Structures are given as structure tokens and as C-alpha cells.
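Residue-level structural notes
In case you want the letters, here they are:
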Amino acid sequence: MKTTAPFWPSAPAPAAVTAAEFLSGKCDFALVQIAGEVNDIIPDNADPRFLFLAVRDETGAVFAPVLRDDERLHVREIEIGSRIALTGICDPAPYTSKRRIGRIFAPVTQIT
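Residues numbered from 1 in each chain as written. Predicted model: local features only at pLDDT ≥ 70, side-chain atom pairs only at ≥ 80, totals over all residues. Heavy atoms only, no water.

Next up on the list: the overall build of the chain. Within the chain one finds one helix and six strands. When the 112 residues of the chain are sorted by exposure, 40% land in the buried category. (Helix = DSSP H or I, 4+ residues; strand = E, 2+ residues; numbered from the N terminus. Buried < 20%, exposed > 50% of the residue type's maximum accessible area, 1.4 Å probe, protein only.)

Right, dumping it as C-alpha cells:
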């Protein structure tokens, strides 16, 4: 899988966190990175342009909405069982039909 460049030219370094830390509320609105295994790839039933990646580490799982056709993130190359690192902002209260899944990455800015 190719490594993508961040969308902005001089991005701050993301904080490496676990899924448990991400879900705890300590990372709200922060730029973070979580490494783990893709546990599931879920089509968004409210907006067919999006997929949700479920990424699990040893402490839990997080969800990341991504555009299906985002060539910068190489989404089409991702498979269940892939080891990836997600970089993005922790959104504590996404305004989507999936609000009840809790904190999500919004947006995902890099997948490696």
C-alpha cells in the first residue's frame, strides 16, 4: 500500500494513541493516529459515497468514514485484515446518521 501525504503542507505531528484513549474523550478535536487491523469495511447506508473502516487495536475499535473513491487515501486497496494507521481528527459528536457509534475520525487525513 502506498503512503499518502497529508492534505496540508506543514501539518502538526499527530499524537499516537490507542483506541481506548481515542474513545475515552481525552483526544476530542485533536489530530491523532491509531495503528491497527481493519476489522470490517461497512458501506454507509445514508450516503453511498462513504465507507466506514472499523480499525481494531489491542484496546478496542474505532470507526473512520472515508470516501469510497478518495484516490489520495488509496481506499480501494484496503482489505479486511490489513494493518493500517489512520491519521485524522477525533470527532466526539459527528453530525451524521451514525451519531450513535460515538467518536469517529472526521476527517481521515492519511492512511498508511
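Among the nonpolar cores identified, the biggest contains 22 residues, and Phe22, Leu53, Val66, Leu86, Phe105, Val108 and Ile111 are the most heavily contacted of them. Listing elements by their share of this core, those giving two or more residues are helix H1 (19-24), strand E2 (31-43), strand E3 (50-57), strand E4 (60-67), strand E5 (83-91) and strand E6 (104-111). When residues no more than four places from it in sequence are discounted, the contact partners of Leu53 are Asp40, Ile41, Val62, Phe63, Ala64, Val66, Ile78, Ile84, Leu86 and Ile111. (Core = buried A, V, L, I, M, F, W, Y, C linked by side-chain atoms within 4.5 Å. Contact = heavy atoms within 4.5 Å.)

Once that is clear, we can look at the pattern of salt bridges. In total, this model carries four salt bridges according to the counting rule given. A salt bridge links Arg49 to Asp47, with the nearest nitrogen and oxygen atoms 2.7 Å apart. For Arg49, a relative accessible area of 52% translates into the label exposed. Asp47 gets classed as buried once you look at its relative accessible area, which sits at 19%. Taking the shortest distance from any N to any O, the salt bridge between Asp70 and Arg72 comes out at 3.4 Å. Residue Asp70 is classed as buried on the basis of its relative accessible area, which comes to 10%. (Salt bridge = Lys/Arg side-chain N within 4 Å of Asp/Glu carboxyl O.)

This paragraph deals with the side chain of Asp44. If you trace the backbone, Asp44 turns up in the loop between E2 and E3. Within the local environment of Asp44, its side chain forms a polar contact with the backbone nitrogen of Ala46, the two atoms lying 2.8 Å apart. (Polar contact = N/O pair within 3.5 Å; in protein donor to acceptor, adjacent residues only side chain to side chain.)

What you tend to see is this: most non-glycine residues have negative phi, and most peptide bonds are trans. Although it is not a glycine, Phe29 sits at a positive phi angle of roughly 65 degrees. For Phe29, the location among the structural elements is in the loop between H1 and E2.

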